Amino acid sequence: MITYVVLINWTEIGVKNVRDSPARLDAARKLLGEMGGSFKDVYLTMGEYDMVVIAEASDDAVMARFALKLAVQGNVRTKTMKAFPEAAYREIIASLG
């Protein structure tokens, strides 16, 4: 499984209906689960982003579809980053020669 860091901001609609956010989070978790992925951690954050999710999926296409399915609902906008675990980081750096 590939790890992703998903940075989330509520849209105006999402903020207006923020009380529904926990139910939307549950629905998003279920959706990614049905796509073969999972949420590992969820954080409400202060600053530039409203939430941060650490998620796993089998490949980039699954995560792209997931992000698009969230986007069309209109409550959030996301920025998704592929994350390399420490072992992969060390391997990548070692391969530089």
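Residues numbered from 1 in each chain as written. Predicted model: local features only at pLDDT ≥ 70, side-chain atom pairs only at ≥ 80, totals over all residues. Heavy atoms only, no water.

Draft legend 1. Quick peek at the overall build of the chain. The secondary structure content of the chain amounts to four helices and four strands. The order of α-helices and β-strands along the chain, N terminus first, is β-α-α-β-β-α-β-α. Seen along its three principal axes, the alpha-carbon backbone of the chain occupies a region of about 50 × 30 × 20 Å. Split into buried and exposed, the 97 residues of the chain put 32% on the buried side. For the chain, the accessible area works out to roughly 6,500 Å², and carbon and sulfur atoms hold 58% of it. (Helix = DSSP H or I, 4+ residues; strand = E, 2+ residues; numbered from the N terminus. Buried < 20%, exposed > 50% of the residue type's maximum accessible area, 1.4 Å probe, protein only. Areas by Shrake-Rupley, 256 points an atom, 1.4 Å probe, with all protein chains shown as cover.)

Draft legend 2. Looking closely at the pattern of salt bridges. Applying the stated criterion across every chain yields a total of five salt bridges. Asp26 serves as the salt-bridge partner of Arg29, at 3.8 Å between the closest nitrogen and oxygen. Here Arg29 pairs with Asp26, and both are found in helix 2 (residues 21-34), just three residues apart, close to one helical turn. Residue classification places Asp26 among the partly exposed positions, given a relative accessible area of 46%. Salt-bridge contacts for Asp60 lead to Lys82; the nearest nitrogen and oxygen are separated by 3.4 Å. Within this pair, whereas Asp60 is found in helix 3 (residues 60-73), its partner Lys82 is found in strand 4 (residues 76-83), the two being separated by 22 residues in sequence. (Salt bridge = Lys/Arg side-chain N within 4 Å of Asp/Glu carboxyl O.)

So yeah, pure geometry; function would need other evidence.
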